[in-house]
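For reference, the chains in residue letters:
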Amino acid sequence: MSLIKPWSRRSVLAGTGASLGLLAAPNIVRAQSRDIRIGYITALTGARAEFGESDPWMLEQVKKITDQGLTIGGNTYSVEFIVKDMQSNPNRSAAVGNELIQREGVDLLLVQDLDASVATGEMSDIAGIPSISTMGPWQAWMFGRGSNPEQGFPYSFTFFWGVEMAMQTFTKLWDQIDTNKIVGDFYFDNPAGQAFANPELGLPAVMDAAGYSRVEGGMYLFDTQDFSGQVSKFTQGNAQIVTGFGFPPNWATFWAQAGQQGFSPEAATYAAAFLFPSAIEALGDRGNGMSTEVWWTPNMPWTSSLTGQTASELAAAWTESSGKQWVQTLGYSHALFETGIAALKNSGDPKNPDAVRDAIAALNLNTMVGPVNWADTPIKNVAVTEVAGGQWRKTDGGAHMFDLVMCDNTFAPSIDVQDKLIPLSQLS
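Residues numbered from 1 in each chain as written. Predicted model: local features only at pLDDT ≥ 70, side-chain atom pairs only at ≥ 80, totals over all residues. Heavy atoms only, no water.

### Here we look at the pairing of strand E15 (residues 388–394)
Across the seven residues of E15, six count as buried, placing the element largely inside the fold. Judged from the four bridges that link them, strand E11 (residues 291–294) and E15 form a sheet pairing that is antiparallel. Counted as the bridge partner of Ser291 is Gln391 from E15. Judged from the six bridges that link them, E15 and strand E16 (residues 402–408) form a sheet pairing that is antiparallel. Among the inter-strand pairings, Arg393 is bridged to a residue of E16, identified as Asp403. (Buried < 20%, exposed > 50% of the residue type's maximum accessible area, 1.4 Å probe, protein only. Helix = DSSP H or I, 4+ residues; strand = E, 2+ residues; numbered from the N terminus. Pairing = 2+ DSSP bridges.)

Here it is in structure tokens:
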């Protein structure tokens, strides 16, 4: 089974509405003004609102840097940011992407969401408007649009880690504890979930290569409220590990039903669901020991190309302003603005889409999430970043209910390992 087949270009376009004439005029004429317009798409409401929670705050920090304009090629340009909430809805992504490109006439599109980047990436390429996206495994972004590492795309770019890196991190976490190596897996049915679930190139293949056997729990839709079938299968199959891909509400429903039915695995490592402290806190004591991929932490040794802040300083600034614990998306939303502004500066002419596109392709920038390197990438239009593995542990009081402990850095050598994974039975 090919990764490309379930994410054909036709199915992606049909799902987003791009095939229904949203881009009827591919050649957009830009007035040669001294105003740079940057479109920003994120999820501020809906099921994925946590992914965009820090974005309004981050945007204000960036506006402070650009409020005097940008001097590029001897000219000074004012900078306007036009933010669109995709409301955690892929179809809404297509609509707001079309608004930004057609109606607002943006010079650069920045996209902080996987489904949104799949929808708007196609529009970016058709209209000839450069775009940069993040926060989605690059395979889902690329194969989901019918391309490959050799072909790439005309105007759209992304930076993030690959699914195989997160998957291998999962098995390396499980190798740290004693289990029967039987894993129950189930996945949310979207491009990222399909990437994780792919039997040949996804998590099932990685588990098999690492010596783990599988109890299949299948795919599910976002509004699924009954996971008793998965719980029953995992119990009957004697699965001591649970994994897959989905969002916090889905996991919370599954985990509650697992507890009610007496299913108690030794490890629960579920992609996307455990990224945020609020999602773990919502599970109460049963959130103790959840393990996850780790995109970014304040312990990373990187500094911002925009502000000079260290990772710890950025996290501290967010906490001071919001009163909330740091979140992993902080680093990536900051880096998204870093790469976009760097490309505009390096273009020599920010009103020339081809010049901006070429500047992105030539970019090798040290950012808040580490090097973002499109200049030397073996995967066209993709800059691969780090991903680690960690476990949420209940604290003994203090400002936070849980802390994220780093347990594996195979694909993130910049992060120090703090401890090994602890089985859930030893944390209850």
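### Comments concerning the packing of helix H9 (residues 228–236) against helix H10 (residues 248–260)
Axis separation between H9 and H10 bottoms out at 9 Å; the angle between their running directions is 50°. Taken together, the axis directions place H9 and H10 in an arrangement best described as oblique. Crossing of H9 against H10: the hand is right-handed. Residues Ser228, Gln230, Val231 and Phe234 of H9 form the contact with H10, whose participating residues are Phe254, Gln257 and Ala258. Of the residues assigned to the contact of H9 with H10, the class counts are four nonpolar, three polar and no charged. (Axes fitted to C-alpha atoms, helices over the stretch in contact; angles between N-to-C directions. Parallel < 35°, antiparallel > 145°, perpendicular 65-115°, else oblique. Left-handed = near helix turned anticlockwise from the far one by under 90°. Contact = heavy atoms within 4.5 Å. Nonpolar A, V, L, I, M, F, W, Y, C, P; charged D, E, K, R; others polar.)

### Describing the packing of aromatic side chains
Enumeration according to the criterion identifies 41 aromatic pairs in this entry. A centroid spacing of 5.8 Å and a plane angle of 85° characterise the contact between Phe81 and Phe337, whose relative ring orientation is edge-to-face. Of this pair, Phe81 sits in strand E3 (residues 75–85) while Phe337 sits in helix H13 (residues 329–347); the two residues are 256 residues apart in sequence, bridging distant segments of the chain. Note on Phe81: relative accessible area 11%, which makes it buried. Considering the side-chain rings of Phe188 and Phe222, the 5.8 Å spacing of their centres and the 70° angle between planes classify their relative orientation as edge-to-face. Of this pair, Phe188 sits in strand E7 (residues 182–188) while Phe222 sits in the loop between strand E8 (213–220) and H9, placing them 34 residues apart in sequence. In this structure Phe188 comes out as buried when scored by relative accessible area, which is 9%. Look at Phe222 and you get partly exposed, because its relative accessible area is 32%. The positively charged end of Arg145 is found above the aromatic ring belonging to Trp141, 5.0 Å away from the centroid. (Phe/Tyr/Trp six-rings, centres within 6.5 Å; stacked < 30°, edge-to-face > 60°. Lys NZ or Arg CZ within 6 Å of the ring centre and 35° of its normal.)

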